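# Examining the three-dimensional arrangement
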Amino acid sequence: SLVYLGWFSFAAWRFRRGDARPFLTAGTLVLEVSAPWAFAFMMVFTQGAGYALSSWVPPMLYAALIVASIIRLRPGPPLFQGAVAFVVYLVFYFALARGRLTPEEAARPVLGPGIQVTRAVSLLLGGIFGSLVATALRGAIGRADATAREQDLFGKYRLLGTIASGGMGTVAEALYCPEGGFERRVAIKRIHPHFRSEEHTS
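In short, a report on the structure. (Residues numbered from 1 in each chain as written. Predicted model: local features only at pLDDT ≥ 70, side-chain atom pairs only at ≥ 80, totals over all residues. Heavy atoms only, no water.)

### A word on the pattern of salt bridges
Put simply, the rule is: In the sections that follow, a salt bridge refers to a side-chain nitrogen of Lys or Arg positioned within 4 Å of a carboxyl oxygen of Asp or Glu. Helix and strand definitions here come from DSSP, where helices need a minimum of 4 consecutive H or I residues and strands a minimum of 2 consecutive E residues; each element is numbered from the N-terminal end. Only protein chains enter the accessibility calculation, which uses a 1.4 Å probe; a residue is then buried when its area is under 20% of its type maximum, exposed when over 50%, and partly exposed in between.
Tallying each qualifying case throughout the model produces 2 salt bridges. Here Glu 32 makes a salt bridge to Arg 72, at a shortest N to O gap of 3.5 Å. You can see Glu 32 sitting in helix H2 (residues 22-46) and its partner Arg 72 sitting in the loop between helix H4 (57-71) and helix H5 (76-97), a full 40 residues away along the chain. You can call Glu 32 buried: its relative accessible area is 11%. Taking the shortest distance from any N to any O, the salt bridge between Glu 173 and Arg 185 comes out at 2.7 Å. With Glu 173 in strand E3 (residues 169-176) and Arg 185 in strand E4 (residues 184-191), this pair connects stretches of sequence that are 12 residues apart.

So, in structure tokens, the structure goes:
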């Protein structure tokens, strides 16, 4: 806990200073990914293997990290988290936890190899799903932002609708709303995009 607190406090201090170096981002991602499984490893030695495999803490931490990556609109980290979780969970089970199960715990199907491999696969699929959701949200927000920018001209005019269209351009109804609090309806003529690159238009 002190290692996590120390690193994240240091990273937050550097980020606030505007020093977002790659090693800070990479180190933060690695520590984030390791958190659920660090708790799982500690539980094996403090509470027992059966408790560690049945605990909701590591999966909930993993899910929280995936949700945090989605909220930050970062599709890469969930894929990385899912791949790491898949490998680490299998190593955790077969190399550490399985041999420490009591005979009664080992006899329970939920703690058997089949269920544990299924859990590892579900962690991988969770990462893939999180990446897809983050990608879709980024696309949707980007399209919404582009649409909003299309309706906003020079920071003072907001387009309301097209009045008429001709060979050279379109006439649109707009709302003139400069700083000061008043609004006025105006008409704006906009030339067609393929004419905008020409220096002289007759």
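There is more to say after this.
### Quick notes on the nonpolar core
Put simply, the rule is: Grouping buried Ala, Val, Leu, Ile, Met, Phe, Trp, Tyr and Cys residues that are joined through side-chain atoms within 4.5 Å yields what is termed a nonpolar core.
Residues Trp 37, Leu 53, Tyr 62, Tyr 89, Phe 92 and Leu 123 are the most contacted members of the largest nonpolar core, which totals 20 residues. Looking at this core, the elements with two or more residues in it are H2, helix H3 (49-54), H4, H5 and helix H7 (113-150). Among the elements that take part in this core, H5 stands out by supplying 6 residues, more than any other. Within the second largest apolar cluster, 6 residues are counted, among which are Tyr 4, Trp 7, Ala 11 and Ala 35.

### Topic: H4
Note: α-helices contain 3.6 residues per turn, so residues at a spacing of three or four share the same orientation. For clarity, the cut-off: Here the expected length of a helix is defined as 1.5 Å per residue gap, with one fewer gap than residues. To obtain the arc, one takes the directions from the helix axis to the C-beta atoms.
For H4, spanning 15 residues, the distance from its first C-alpha to its last is 21 Å, which sits close to the expected 21 Å at 1.5 Å a residue. Those residues of H4 lying buried are Pro 58, Tyr 62, Leu 65, Ile 66, Ser 69 and Ile 70. Seen from one end, H4 has its buried residues packed into an arc of 140°, which puts them on one side. Within H4, the exposed residues directed more than 90 degrees away from the buried face are Met 60 and Ile 71. Positive phi appears at Leu 73, one or two residues downstream of H4, with a value of about 60°.

### Structural notes on the packing of H2 against H4
For clarity, the cut-off: To define axes, lines are fitted to C-alpha atoms, for helices over the stretch in contact only, and angles between the resulting N-to-C directions are given on a 0 to 180 degree scale. In these notes the angle categories are as follows: under 35 degrees is roughly parallel, over 145 is roughly antiparallel, 65 to 115 is roughly perpendicular, and the rest is oblique. Contact between two residues is taken to exist if any of their heavy atoms lie within 4.5 Å; hydrogens are not considered. Polarity classes work like this: nonpolar for Ala, Val, Leu, Ile, Met, Phe, Trp, Tyr, Cys and Pro, charged for Asp, Glu, Lys and Arg, and polar for all others, with Gly in that last group.
At a closest axis distance of 9 Å, the pairing of H2 and H4 adopts a crossing angle of 175°. If you check the angle between H2 and H4, you find them roughly antiparallel. Side by side, H2 and H4 meet where Glu 32, Val 33, Ala 35, Pro 36, Trp 37, Phe 39, Ala 40 and Met 43 of the first sit next to Val 57, Pro 58, Leu 61, Tyr 62 and Leu 65 of the second. Partitioned by chemical class, the residues of the contact of H2 with H4 number 12 nonpolar, no polar and 1 charged.

### Here's the deal with the packing of H2 against H5
Here is the rule: Rotating anticlockwise by less than a right angle from the far helix to the near helix defines a left-handed crossing, while the corresponding clockwise rotation defines a right-handed one.
With their axes 10 Å apart at the nearest point, H2 and H5 run at an angle of 20° to one another. Considering their axes alone, H2 and H5 lie roughly parallel with respect to each other. The two elements H2 and H5 meet at a crossing, and its hand is right-handed. Across the interface between the two elements, Leu 29, Glu 32, Val 33, Trp 37, Ala 40, Phe 41, Val 44 and Phe 45 from H2 touch Pro 77, Phe 80, Gln 81, Val 84, Ala 85, Val 88, Tyr 89, Phe 92 and Leu 96 from H5. Of the residues contributing to the contact of H2 with H5, the split by class is 15 nonpolar, 1 polar and 1 charged.

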